[in-house]
Structure formats: C-alpha cells, structure tokens
Amino acid sequence: MSGPPLQPHGAHPDLGRVVMVVPTYDEVDNLAWIVGRLRSAQPDVHVLVVDDASPDGTGELADRLAATDPGVRVLHRTGRAGLGAAYLAGFDEALRAGYDVIGEMDADGSHQPEQLDRLLAGLAGTDGGGRSDLVIGSRWVPGGTVVNWPLHREALSRGGNLYVRLLLGIDVRDATAGFRLYRRDTLRRLDLAGVRSTGYVFQTDLVSRTLRAGLVVREVPIEFVERARGDSKMSGAVAAESLRRITAWGLRERRAQVRRAWGRRRTVTV
Ligand SMILES: Nc1nc2c(ncn2[C@@H]2O[C@H](COP(=O)(O)OP(=O)(O)OP(=O)(O)O)[C@@H](O)[C@H]2O)c(=O)[nH]1
Ligand SMILES: [Mg+2]
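Residues numbered from 1 in each chain as written. Chains lettered and ligands numbered in written order. Predicted model: local features only at pLDDT ≥ 70, side-chain atom pairs only at ≥ 80, totals over all residues. Heavy atoms only, no water.

**Topic: the overall build of the protein chain**
Per the secondary structure count, the protein chain includes eight helices and nine strands. Here the C-alpha radius of gyration of the protein chain, 19 Å, is about what a compact globule of 270 residues would show, namely 18 Å. Each of the three principal axes of the protein chain carries a C-alpha extent, and together these read 70 × 40 × 35 Å. Taken as a whole, the protein chain presents about 12,600 Å² of accessible surface, with 53% of it coming from carbon and sulfur. (Helix = DSSP H or I, 4+ residues; strand = E, 2+ residues; numbered from the N terminus. Rg over C-alpha atoms; globule rule 2.2 N^0.38 Å. Areas by Shrake-Rupley, 256 points an atom, 1.4 Å probe, with all protein chains shown as cover.)

See the structure below:
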C-alpha cells in the first residue's frame with residue numbers, strides 16, 4: 001500500500017499513526033459524506049476503504065476520493081465475502097502499511113466521526129479511565145444512546161448482547177458494536193489467521209479473543225444513529241451465523257469449565 005509518510009496523531013502522539021478501516025458494500029450515497037466528515041473531524045487519521053466490488057460503483061467513488069486525498073486508501077476485493085472477511089483483509093493491509101492504531105467504522109453514518117475523539121482518548125487513557133488495548137464505542141453503557149432505531153433492532157441488539165454475556169461469560173455491554181480502535185500489538189496477539197467468522201459475529205469473536213489474551217477492553221459511550229441512506233446488509237444468514245457460533249463457543253467454554261472443575265475434584269480426592 002503506497003501513500004504519504006505516516007505521521008503520529010497530533011493530539012495523541014503516544015498512540016502513533018492511526019487509520020480507520022471502513023468496509024463498504026453498496027454505499028455510494030454515503031461514502032463521500034462519511035469520509036469527508038472523518039477527514040475534517042480528525043485530519044490526522046487516515047482512512048482505508050475496503051470495498052467488495054460493490055455493483056453500485058462505491059469502489060470507483062473510493063478511488064476518486066483517494067486520488068484527491070493522500071490520507072485515503074482503497075482495498076478492492078473481488079466480491080462480497082462478508083464484514084469479517086473484509087476487516088481481516090483491511091487489518092492485514094493496515095498492519096503491513098505500518099499503522100500503530102487500526103480502527104473500524106461503518107460507512108452508513110451510524111458511527112459519528114465527530115465522536116472518534118472519545119475512542120482515541122479511551123485507548124490512550126487520557127480521559128482518566130486508564131489505557132486500553134481495545135476500545136469500543138458502546139451503545140449500552142451509561143451515556144450511550146441510539147437514535148432512530150426501530151424497537152425490534154434495539155431488542156435484537158440488547159438480546160444478542162445479553163446472550164453473548166451469558167454464554168461467553170464476558171463483561172462487555174456492546175460486544176457486537178463496530179466502532180472500535182485496536183492497538184497494533186493487540187491485533188498481532190489475536191491469531192487473526194485462525195478467525196473463521198465472516199459476518200457480523202466477527203466483532204464478538206475479536207472482543208472475546210482480546211479478553212482471552214489478557215488484554216484490556218474499555219467501552220466508551222457513543223450516540224449510534226440509524227442509517228438514513230442505502231440498504232442494511234444485515235440478513236437472516238448473518239444473524240444465523242452469529243447464533244450458531246456464539247452457542248458453539250459458549251458450549252465449548254462450559255465444557256472446559258466442567259473439565260477444570262472435575263480435574264480439581266480429582267486432585268482433591270486422590
Ligand atoms: N466490504 C464489505 N462491507 C460490508 C459487507 N457487509 C456489510 N458491509 C459494510 O459494513 C458496514 C455495516 O453494515 P450495515 O449494513 O450498516 O450493517 P448494520 O449497521 O448492522 O445494519 P443497519 O443498522 O441496518 O445499517 C457498512 O459500511 C456496510 O457497507 C460485506 O460483505 N463486505
Ligand atoms: Mg449500519
């Protein structure tokens with residue numbers, strides 16, 4: 001990936017060089033708007049658009065944005081392969097390009113670039129909450145909100161997160177959220193080559209891997225805004241993958257707990 005020399009973030013020099021990976025599939029009505037907002041809210045933060053050969057011309061639009069702004073880069077993929085697969089390819093590219101902080105953000109305006117400073121401060125710890133290895137812009141911590149979300153979407157998100165907490169036993173309120181910042185070292189410790197989640201369950205997969213690696217995950221409140229333009233890519237197949245994988249991970253974790261408890265009993269009685 002060629003580009004301009006990378007500069008550390010001005011307000012957070014300790015964080016180093018920051019890039020937001022933005023996956024796109026048919027976001028032609030949103031992309032210029034969201035990239036423009038991001039570049040003006042955070043001029044020191046670069047953008048890597050990962051487009052899955054969108055039929056509506058999003059990829060070509062991304063190329064035009066990159067041609068006029070050296071802080072914007074594009075990764076073209078050959079076809080639609082899911083959100084998780086797009087992020088894995090984007091992370092790989094961003095790591096190879098030498099970024100120190102690699103973020104995630106949707107292209108549809110649900111994640112507001114004007115709130116990225118909360119995540120940067122949360123990662124650096126300059127907001128008084130302590131340094132972290134992964135920071136999540138969260139809808140379901142105090143101060144977090146959703147705007148214009150239909151009740152059934154809120155119920156699905158809250159219910160999904162409850163299921164994740166119960167089954168995986170992780171103390172994260174918004175494990176499915178996709179407005180995030182990872183440190184380079186965090187991603188390097190997650191065995192990305194072993195990730196099999198292709199859809200939105202990728203988000204849950206990565207937060208649970210981060211916690212299992214003993215790293216610090218923090219949630220900072222954000223205001224999440226329902227998309228105003230373009231179609232949602234959420235589908236029955238995407239939801240089914242989430243349910244199937246989370247249930248399988250949960251059962252595996254429970255079996256491991258039982259084995260550990262059984263092992264302890266035997267040690268005591270022998
Ligand atoms: N490259 C790529 N991007 C994708 C794919 N699926 C979704 N996206 C992008 O991922 C982001 C999130 O997708 P959305 O459709 O907004 O999903 P969502 O936020 O759960 O659904 P809504 O709330 O209804 O918008 C958007 O920027 C999409 O364009 C995919 O298969 N490949
Ligand atoms: Mg969306």
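**Quick word on the site of ligand 1**
Ligand 1 sits among 19 residues. The nearest are Pro23, Glu27, Asp108, Ser232 and Lys233. One nitrogen or oxygen atom from the side chain of aspartate 108 is found 2.7 Å from an oxygen atom belonging to ligand 1. A distance of 2.7 Å is found between an oxygen atom of ligand 1 and a backbone nitrogen or oxygen belonging to lysine 233. Those elements that place two or more of their residues in the shell around ligand 1 are strand 1 (18–24) and helix 3 (83–97). (Near = heavy atom within 4 Å. Polar contact = N/O pair within 3.5 Å; in protein donor to acceptor, adjacent residues only side chain to side chain.)

**With respect to the nonpolar core**
In terms of nonpolar packing, the biggest core is built from 35 residues, with Phe91, Ile102, Leu187, Leu206 and Val207 touching the most fellow members. Of all the secondary structure elements, the ones that give two or more residues to this core are strand 1, strand 2 (45–51), helix 3, strand 5 (134–138), helix 5 (151–168), helix 7 (201–212) and helix 8 (236–269). Broken down by element, the residue count for this core peaks at six residues, all from helix 3. Setting aside its immediate chain neighbours within four residues, isoleucine 102 contacts Val19, Val21, Phe91, Ala94, Leu95, Leu181, Tyr182 and Leu187. Judged by nonpolar contacts, the second largest core, of 31 residues, contains Val35, Val49, Leu116 and Leu119. (Core = buried A, V, L, I, M, F, W, Y, C linked by side-chain atoms within 4.5 Å. Buried < 20%, exposed > 50% of the residue type's maximum accessible area, 1.4 Å probe, protein only. Contact = heavy atoms within 4.5 Å.)

**Remarks on the packing of helix 3 against helix 7**
In a packed pair of helices, the relevant descriptors are the angle between the two axes and the axis-to-axis distance. Two elements in contact, helix 3 and helix 7, have axes separated by 8 Å at closest approach and are oriented at 55°. By the angle between their axes, helix 3 is oblique relative to helix 7. Along the contact surface, helix 3 presents Leu83, Gly84, Tyr87, Leu88 and Phe91, while helix 7 presents Phe202, Gln203 and Leu206. (Axes fitted to C-alpha atoms, helices over the stretch in contact; angles between N-to-C directions. Parallel < 35°, antiparallel > 145°, perpendicular 65-115°, else oblique.)

**A few points about the sheet that holds strand 1**
The strands making up a sheet associate through hydrogen bonds between their backbones, and the pairing can be parallel or antiparallel. Spatially, seven strands are ordered 3-2-1-4-7-5-8 in an open sheet, and the strand pairing comes out mixed. Edge strands, defined here as strands with exactly one partner in the open sheet, are strand 3 (72–76) and strand 8 (217–221). Looking at each pair of strands side by side, their axes are set apart by 20° on average, direction ignored. Note: strand 1 against strand 4 (residues 101–104), four bridges, orientation parallel. Looking across to strand 4, one finds that valine 19 is bridged to isoleucine 102. Across the sheet, helix 1 (residues 31–41) lies against strand 1, strand 2 and strand 3, angled at about 160° from strand 2, the strand it touches most. Contacting strand 1, strand 2 and strand 3, helix 2 (residues 58–68) runs over the sheet at an angle of about 150° to strand 3. (Pairing = 2+ DSSP bridges.)

**What to know about a positive patch on the surface**
Where like charges cluster on the molecular surface, the positive patch consists of Arg212, Arg252, Arg255 and Arg259. At three residues, helix 8 tops the list of elements feeding residues into the positive patch. In this structure, arginine 255 sits in helix 8. (Patch = residues over 30% accessible without salt bridge, like charges linked within 9 Å, V, L, I, M, F, W, Y side chains within 5 Å. Salt bridge = Lys/Arg side-chain N within 4 Å of Asp/Glu carboxyl O. Lys, Arg positive; Asp, Glu negative; His and termini not counted. Charge placed at Lys NZ, Arg CZ, Asp CG, Glu CD.)

**Details of the packing of aromatic side chains**
Scanning all chains against the criterion turns up five aromatic pairs. An angle of 65° between the planes, with centres 5.0 Å apart, marks the rings of tryptophan 149 and phenylalanine 224 as edge-to-face. In this pair, tryptophan 149 sits in the loop between strand 6 (145–147) and helix 5 while phenylalanine 224 sits in strand 9 (residues 223–225), placing the two residues 75 residues apart along the sequence. Accessibility expressed as a relative area gives 11% for tryptophan 149, which makes it buried. An aromatic cluster of three or more residues is present, and its members are Tyr87, Phe91, Tyr182 and Phe202. The residue whose ring lies beneath arginine 37 is tryptophan 33, and the NZ or CZ to ring-centre distance is 4.9 Å. (Phe/Tyr/Trp six-rings, centres within 6.5 Å; stacked < 30°, edge-to-face > 60°. Lys NZ or Arg CZ within 6 Å of the ring centre and 35° of its normal.)

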